[in-house]
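# Breakdown of the fold
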Amino acid sequence: MQIVDEILKIKKVKNTAVRTVVLRHLLSQEKAQSLKDIENALVYTDRSSIFRTLKTFENNKIIHSIEDGSGMIKYAVCVKGCNCDPKDLHYHFYCNNCDKTFCLFDVPFQNIELPENFKIQQANMVVKGLCNNCNK
C-alpha cells in the first residue's frame, strides 16, 4: 500500500479507496489491463468509478493507455519518472493467441524525425506475435 500512496502523492492525486484498489491491482499485473479485466478483478467496484479513476490516472500520467488492435483499450502503470513525453515512448507486444499486451520498456525506441513544427503527442507502437507462454 505504501507504493500506492507514494505514487499518488508524487503525482498530486488525492487518494481515495477506489483509486487505491485500482492502482494496487494495476501494479500487481505483469500485463496491461482492459477496463473489463479490471472490472472482473474488482467485483465490488462499479464500472463508472473504475473508468473515472483510469481517466484521472491517465490525465495525471500515472498510467498510459494502449490501443493494441484488440478492440479494447488497455492500461498499464507508467514507470518511475515517466511523464508520458516523447522520450518516455516504448513499444508494446500483443500476443495474438492469449490477447495479453505487455510493455517492452527494455526495447530501444528509435527517435522519429518529424518535419519542422510537427510535435508528437501520442504514438501507437505495437508488435504482434506469440508471447513466451504461447510460443512453447
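Residues numbered from 1 in each chain as written. Predicted model: local features only at pLDDT ≥ 70, side-chain atom pairs only at ≥ 80, totals over all residues. Heavy atoms only, no water.

Under the annotation held in an unreviewed UniProt entry, the chain carries the name Fur family transcriptional regulator, ferric uptake regulator and is attributed to Dokdonia pacifica. According to its UniProt record, the chain has this under Sequence similarities (unreviewed entry): "Belongs to the Fur family." (UniProt positions renumbered as here; feature names shortened; annotations may be inferred.)

## Things to note about the sheet that holds strand S3 (residues 73–77)
Sheet strands line up and pair through hydrogen bonds in the backbone, either parallel or antiparallel. If you trace the 3 strands from one edge of the open sheet to the other, you get S1-S3-S2, paired in antiparallel fashion. At either end of the open sheet lies a strand with only one pairing partner, and these are strand S1 (33–34) and strand S2 (63–67). Pairing of S1 with S3, which is carried by 2 bridges, proceeds in the antiparallel orientation. Bridge pairing links serine 34 to lysine 74 in S3. Across the face of the sheet, helix H2 (residues 17–27) comes into contact with S1, S2 and S3 while running at roughly 85 degrees to S3. (Pairing = 2+ DSSP bridges. Helix = DSSP H or I, 4+ residues; strand = E, 2+ residues; numbered from the N terminus. Contact = heavy atoms within 4.5 Å. Axes fitted to C-alpha atoms, helices over the stretch in contact; angles between N-to-C directions.)

## Focus: the nonpolar core
Residues Leu23, Leu54, Ile62 and Ile63 are the most contacted members of the largest nonpolar core, which totals 17 residues. Where this core is concerned, the elements lending two or more residues are helix H1 (2–10), H2, helix H3 (35–41), helix H4 (47–59) and S3. If near-sequence neighbours (up to four positions away) are discounted, isoleucine 62 is found in contact with Ile7, Leu8, Lys11, Val13, Leu23, Phe57, Val77 and Cys78. (Core = buried A, V, L, I, M, F, W, Y, C linked by side-chain atoms within 4.5 Å. Buried < 20%, exposed > 50% of the residue type's maximum accessible area, 1.4 Å probe, protein only.)

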